[in-house]
Amino acid sequence: MNNKHKQFPLYQAIKDFKNNKNNSFHVPGHKNGQVFVTEAREDFQSLLAMDLTELGGLDDLHAPEGVIEEAQTLAAEWFGSIHTYFLVNGSTAGNLAMILATCNPGDKVLVQRNCHKSILHGMELAGVQPIFLPPLYNHITERYTAPSVEIVKKAIKEYQSIKAVILTYPDYFGEVYPLKEVIESAHAEDIPVLVDEAHGCHFSLPYIDIPSAVQLGADIVVQSAHKMAPALTMAAYLHIQTDRINQQRLSNYLQMLQSSSPSYPIMASLDLARYYLATYTEEKSNRLFQYVNSIRACFQESEAWIVEENADPLKLSLRIQRGYQCKAVKQLFEKEKLYPELITDTHILFVFGLEPTVELSLLEEKLIRIKDSLKFAVDSGTIEDKKLYFNEQVTPLALSYADMQMKQTKWCKWEDAIGKVAAEAIIPYPPGIPFIAKGERISKAIVEQITYSFTQQINFQPSNRESGLYIYT
């Protein structure tokens with residue numbers, strides 16, 4: 001590894017500035033932590049001293065020429081991209097920017113239907129015509145995965161003048177698919193591929209046997225550094241891979257979508273996350289996988305769940321057996337101060353970090369107590385076999401985004417919504433993948449799925465939609 005990757009230029013500049021004990025006659029108003037709520041000062045002090053602004057020697061995210069440019073260049077070299085941008089407004093800002101920079105109003109794009117809500121928002125802002133690619137359903141894990149390569153190839157041939165293919169890789173559960181084949185199919189028609197790789201930043205490590213979308217040649221890849229690498233929440237990377245992307249246009253949109261007062265702690269954490277990944281050793285990796293295997297062994301052997309095999313070794317998903325309430329099982333975990341990342345009506349997902357963080361003996365004790373309490377999670381009601389429904393056909397929206405702007409809306413009860421066009425997205429969160437997208441025609445199957453999910457106490461955005469939703473008239 002090049003010795004320069006053992007540096008962290010942006011973090012070092014911030015640290016040097018802090019240690020210089022400068023007097024603040026500039027924003028932010030906490031004045032390097034000197035003006036703050038007394039009761040919280042001790043907890044925040046070290047971070048406040050690094051919460052700076054565009055001062056001499058600290059560069060400017062929106063016109064980098066110094067330490068930020070140097071840090072982004074190091075990131076590009078490590079991840080293997082032509083150029084890497086630091087994002088302080090999360091992968092959401094990157095997803096919005098990549099769509100706006102690549103597409104014009106009215107352009108047709110192919111998009112994976114089970115995408116994050118930020119992808120749908122980006123397409124709406126861009127005014128494109130989305131053609132939804134249906135995901136395949138895995139009957140063993142009882143989850144939707146990704147569109148098949150054959151479906152994508154067929155859609156590219158069927159729909160003319162496609163301007164982009166927008167995909168998610170990996171999914172929330174760490175599952176992957178033959179992305180390289182999809183990329184090659186799109187590139188054969190000179191169509192750029194945009195990938196939301198929010199959960200795959202750690203795929204850049206040589207010790208994880210899954211290639212990143214950057215490695216596989218996607219034109220733009222957005223990664224949430226804070227999800228799987230040690231970075232602050234909202235820290236993300238955007239990587240450009242090819243000259244199919246207009247970099248100047250992308251930079252302009254990032255300036256529009258990101259704060260004009262970017263967080264220096266978040267940017268420093270991106271510099272440090274790259275440094276952490278670049279200096280991650282095989283010894284650390286071996287210790288991590290021993291730890292992960294031990295954790296997985298602790299979770300085995302339960303009447304209430306099956307421990308699934310995940311492509312990403314840092315994801316552990318439990319498929320809750322019929323006869324048990326998923327939310328009640330989750331509450332047993334939380335009672336023991338074990339907090340999972342995600343719950344659905346059938347799954348509980350746990351996410352590991354890149355180093356051991358839990359003492360195995362304590363975990364074993366907690367799991368014994370949980371298993372002894374599983375009688376409190378038994379579902380005494382009717383056991384239903386409910387499958388999340390996505391349209392199994394390649395399909396456009398029922399209304400274009402331009403048409404939606406001209407339509408009036410009204411409130412509609414769920415029992416009357418079948419056949420109507422949704423004027424809002426209904427989104428379980430997490431994972432943030434809409435059951436209904438704005439502009440989609442509402443089917444009987446999806447109404448049944450949503451009303452069932454309310455009985456399972458799944459959290460939704462927006463809230464308070466148990467009785468109905470807004471539709472277009």
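Note that this is a predicted model, so its numbers are computed, not measured.

A. The pairing of strand β2 (residues 108-112), seen in detail. With four of five residues buried, β2 lies mostly within the body of the structure. Where β2 meets strand β3 (residues 129-133), five bridges bridge the pair, whose relative direction is parallel. Its bridge partner being in β3, Val111 is matched across the sheet by Phe132. When β2 meets strand β6 (residues 162-168), the two strands line up parallel, connected through four bridges.

B. Representation of the packing of helix α6 (residues 149-158) against helix α7 (residues 179-188). Between α6 and α7, the least distance of the axes is 9 Å, while the angle of their chain directions is 10°. Relative to α7, α6 is oriented roughly parallel. On α7, the residues touching Val149, Val152, Lys153 and Ile156 of α6 are Glu181, Val182, Ser185 and Ala186. Of the residues contributing to the contact of α6 with α7, the split by class is five nonpolar, one polar and two charged.

C. Representation of unusual backbone geometry. Cis rather than trans, the peptide bond between Tyr169 and Pro170 has omega equal to -5°. Relative to the assigned elements, Pro170 resides in the loop between β6 and α7. Cis geometry is found at the peptide bond from Pro430 to Pro431, where omega equals 15°. One can find Pro431 in the loop between β16 (427-428) and α15 (444-455). Here the phi dihedral of Ser161 falls at roughly 60°; this positive angle occurs in a residue that is not glycine. At Asn464, a residue that is not glycine, the phi angle is positive and equals roughly 60°. Topologically, Asn464 is positioned in the loop between β17 (460-461) and β18 (468-472). Note on Asn464: relative accessible area 60%, which makes it exposed.

D. Up close: α15. The first and last C-alpha atoms of α15 sit 17 Å apart over twelve residues, in line with the 16 Å expected at 1.5 Å per residue. For α15, the full list of buried residues reads Ile446, Val447, Gln449, Ile450, Tyr452, Ser453 and Phe454. The inward-facing, buried residues of α15 contact β17. Taken from the residues just after α15, Gln457 is the one with a positive phi, measuring 60°.

E. How the structure looks around the pattern of salt bridges. Per the stated rule, a full pass over the model turns up 15 salt bridges. Between Glu142 and Arg322 there is a salt bridge; the shortest N-O distance is 3.1 Å. Within this pair, whereas Glu142 is found in the loop between β4 (137-138) and β5 (143-144), its partner Arg322 is found in the loop between β11 (315-320) and α12 (326-335), the two being separated by 180 residues in sequence. Where Glu355 meets Lys284, a salt bridge forms, and the shortest distance between an N and an O atom there is 3.3 Å. With Glu355 in the loop between β13 (347-351) and α13 (360-372) and Lys284 in helix α11 (residues 282-299), the pair connects residues that are 71 residues apart, well separated along the chain. Residue classification places Glu355 among the partly exposed residues on the basis of a relative accessible area of 31%.

F. Molecular detail of the packing of helix α4 (residues 90-102) against helix α9 (residues 247-257). Relative orientation of the contacting elements α4 and α9 amounts to 140°, with a least axis distance of 9 Å. Between α4 and α9, the angle is such that the two are oblique. Here the hand of the crossing between α4 and α9 comes out right-handed. The residues of α9 that touch α4, namely those facing Ala93, Leu96, Ala97, Met98, Leu100 and Ala101, are Arg249, Leu250, Tyr253, Leu254 and Leu257. Its residues assigned to classes, the contact of α4 with α9 shows ten nonpolar, no polar and one charged.

G. Molecular detail of the side chain of Asp59. Looking at the element boundaries, Asp59 is found in the loop between α2 (38-48) and α3 (67-79). Buried and unpaired, Asp59 has Arg274 as its nearest opposite-charge partner, separated by 13 Å. Within the structure, the side chain of Asp59 is placed 2.7 Å from the backbone nitrogen of Gly66, a separation counted as a polar contact. At 3.0 Å, the side chain of Asp59 forms a polar contact with the backbone nitrogen of Ile68.

H. Representation of the pairing of strand β1 (residues 83-87) in the model. With four of five residues buried, β1 is to be regarded as a mostly interior element. Pairing between β1 and strand β9 (residues 236-240): five bridges, direction antiparallel. In the strand pairing of β9, His83 is matched with Ile240.

How each quantity is defined
Residues numbered from 1 in each chain as written. Predicted model: local features only at pLDDT ≥ 70, side-chain atom pairs only at ≥ 80, totals over all residues. Heavy atoms only, no water. Buried < 20%, exposed > 50% of the residue type's maximum accessible area, 1.4 Å probe, protein only. Helix = DSSP H or I, 4+ residues; strand = E, 2+ residues; numbered from the N terminus. Pairing = 2+ DSSP bridges. Axes fitted to C-alpha atoms, helices over the stretch in contact; angles between N-to-C directions. Parallel < 35°, antiparallel > 145°, perpendicular 65-115°, else oblique. Contact = heavy atoms within 4.5 Å. Nonpolar A, V, L, I, M, F, W, Y, C, P; charged D, E, K, R; others polar. Expected span 1.5 Å × (residues − 1). Salt bridge = Lys/Arg side-chain N within 4 Å of Asp/Glu carboxyl O. Left-handed = near helix turned anticlockwise from the far one by under 90°. Lys, Arg positive; Asp, Glu negative; His and termini not counted. Polar contact = N/O pair within 3.5 Å; in protein donor to acceptor, adjacent residues only side chain to side chain.

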